[in-house]
Amino acid sequence: MLKYVDTKVTFSEVPDEISLCINISNCLCHCKNCHSPYLAEDIGKPLIYKDTHNNRTVINCNPLSELIEANKGITCVCLMGGDSNPEYINILGKTIKCHKLKSAWYSGKQELSKDINLEFFDFIKLGPYIEELGPLNSKTTNQRFYKVENNKLIDITYKFQKL
C-alpha cells in the first residue's frame, strides 16, 4: 500500500505545468539533510490499496481520483516518492493518464527501476538529494529531470537552472 501525507499545487516541480504534487511516505532513500525527513515514516492516508471483492483482489485508486477531482485546473500530477513500490507507481501513473493529465514521478533512486513502465509517465526525476551538490536548480546537482518521449528519457534538467 502507498500512503500520502500531503499535497500542494505548484508551478516549480514540473517545468511549464501546474502540478498537483503528492508527497508519498515510507521513503527508502534517507537522504542526508532531506527537506522532508518525515516522509521516511510509514504515515498518512492510503493513496492506493487492494480491496477484496467476491474472492478477487481489486486495486483501488479512488483516493488519487478524488485528489485530482478536488484540484481543477491542474495539468499534471507529480508523485513525490514511492520507490518502495514501483508496481503501484505504475498503477498511479496509468490512473493519472486516464484523467487525461500529464504524469510525473520523483524518485530518490540514482537509476530508474526496471519495473517502471515509461508508457505511464511524461516526466521522471532521478537521484537522491546530496546537499553539497544541491537540488535540481543547482548547476552542480547530481539529480536529473527527464521528459519521456517514445519510451526514452531526455534530460531537461537545464529547465530548472537559471542562465
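Everything discussed here concerns the structure shown above.
Described in the following lines is the structure provided in the data block. (Residues numbered from 1 in each chain as written. Predicted model: local features only at pLDDT ≥ 70, side-chain atom pairs only at ≥ 80, totals over all residues. Heavy atoms only, no water.)

## Quick word on helix H2 (residues 86–98)
- For H2, which comprises 13 residues, the first-to-last C-alpha distance of 18 Å matches the rise-based estimate of 18 Å (1.5 Å per residue) to within 8%.
- Listed in full, the buried residues belonging to H2 are Pro86, Tyr88, Ile89, Asn90, Leu92, Gly93, Thr95 and Ile96.
- Count one or two residues on from H2 and you reach Lys100, which has phi positive near 60°. (Helix = DSSP H or I, 4+ residues; strand = E, 2+ residues; numbered from the N terminus. Expected span 1.5 Å × (residues − 1). Buried < 20%, exposed > 50% of the residue type's maximum accessible area, 1.4 Å probe, protein only.)

## Looking at the pattern of salt bridges
- Following the criterion strictly, the structure yields eight salt bridges and no others.
- Across the pair Lys102 and Glu17 runs a salt bridge, and its minimum N-O distance is 2.9 Å. In this pair, Lys102 sits in strand E6 (residues 102–106) while Glu17 sits in the loop between strand E1 (2–10) and strand E2 (19–24), placing the two residues 85 residues apart along the sequence.
- For the salt bridge of Lys97 with Asp122, the shortest nitrogen-to-oxygen distance reads 2.5 Å. Here Lys97 is found in helix H2, whereas its partner Asp122 is found in the loop between E6 and strand E7 (123–126), with 25 residues between them in sequence. (Salt bridge = Lys/Arg side-chain N within 4 Å of Asp/Glu carboxyl O.)

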